[in-house]
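Tertiary structure, described
One-letter residues, chain by chain:
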Amino acid sequence: MRVDGAPPEGVARLDIDERDEGTIDEERLHQLIRQDGPIADRTAEITFLDAGAQAYVFTFG
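Here is what the cut-offs are and how they apply
Residues numbered from 1 in each chain as written. Predicted model: local features only at pLDDT ≥ 70, side-chain atom pairs only at ≥ 80, totals over all residues. Heavy atoms only, no water. Helix = DSSP H or I, 4+ residues; strand = E, 2+ residues; numbered from the N terminus. Buried < 20%, exposed > 50% of the residue type's maximum accessible area, 1.4 Å probe, protein only. Contact = heavy atoms within 4.5 Å. Areas by Shrake-Rupley, 256 points an atom, 1.4 Å probe, with all protein chains shown as cover. Patch = residues over 30% accessible without salt bridge, like charges linked within 9 Å, V, L, I, M, F, W, Y side chains within 5 Å. Salt bridge = Lys/Arg side-chain N within 4 Å of Asp/Glu carboxyl O. pLDDT = per-residue confidence, 0-100.

Side note on the overall build of the chain
A tally of regular secondary structure across the chain gives zero helices and four strands. Walking the chain from its N terminus toward its C terminus, one meets helices and strands in the order β-β-β-β. For the chain, the residues scored as buried account for 10% of the 61 residues in total. The contacts of the chain with a sequence gap of at least 6 include a subset with a gap of at least 24, amounting to 34%. Split by element, the accessible area of the chain, about 5500 Å² in all, is 49% carbon and sulfur.

Set out below in structure tokens:
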């Protein structure tokens, strides 16, 4: 997980660890980061390392 090309800083990591990696072990809503502060345009990059991983919906806001 990267935000604006760098590891996320100053965020609550909910379903990812301190290495910014997570595990998908069930079908459910995964909350990757929660960032407080002013709203600004950001770029989020998620890389799936395992074949067959799929993402259907992303929610921002």
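From this point, the discussion proceeds with the structure in view.
A few points about the environment of Glu9
Within the secondary structure layout, Glu9 lies in the loop between β1 (2–3) and β2 (12–13). On a C-alpha basis, the gap between Glu9 and Ile33 in space is 9.8 Å, while along the polypeptide they are 24 residues apart.

Quick notes on a nonpolar patch on the surface
A grouping of Ile24, Ile46, Phe48, Phe58 and Phe60 is seen on the molecular surface, where their side chains present a nonpolar patch of about 540 Å² in accessible area. In this structure, Phe60 sits in the segment after β4 (44–45). For Phe60, a relative accessible area of 71% translates into the label exposed.

Remarks on the confidence of the model for the chain
Looking at the chain, the pLDDT average stands at 80 and 92% of residues meet or exceed 70. The weakest mean pLDDT in the chain belongs to β2 at 66; the strongest belongs to β4 at 86.

Quick word on the pattern of salt bridges
Applying the stated criterion across every chain, the model contains five salt bridges. Notably, a salt bridge pairs Arg42 with Asp4, separated by 2.5 Å at the nearest N-O pair. You can see Arg42 sitting in the loop between β3 (33–34) and β4 and its partner Asp4 sitting in the loop between β1 and β2, a full 38 residues away along the chain. What makes Asp4 partly exposed here is its relative accessible area of 42%. Of the charged contacts, one joins Arg28 and Asp15 as a salt bridge, the two residues approaching to 3.1 Å between their closest N and O atoms. With Arg28 in the loop between β2 and β3 and Asp15 in the loop between β2 and β3, the pair connects residues that are 13 residues apart, well separated along the chain.

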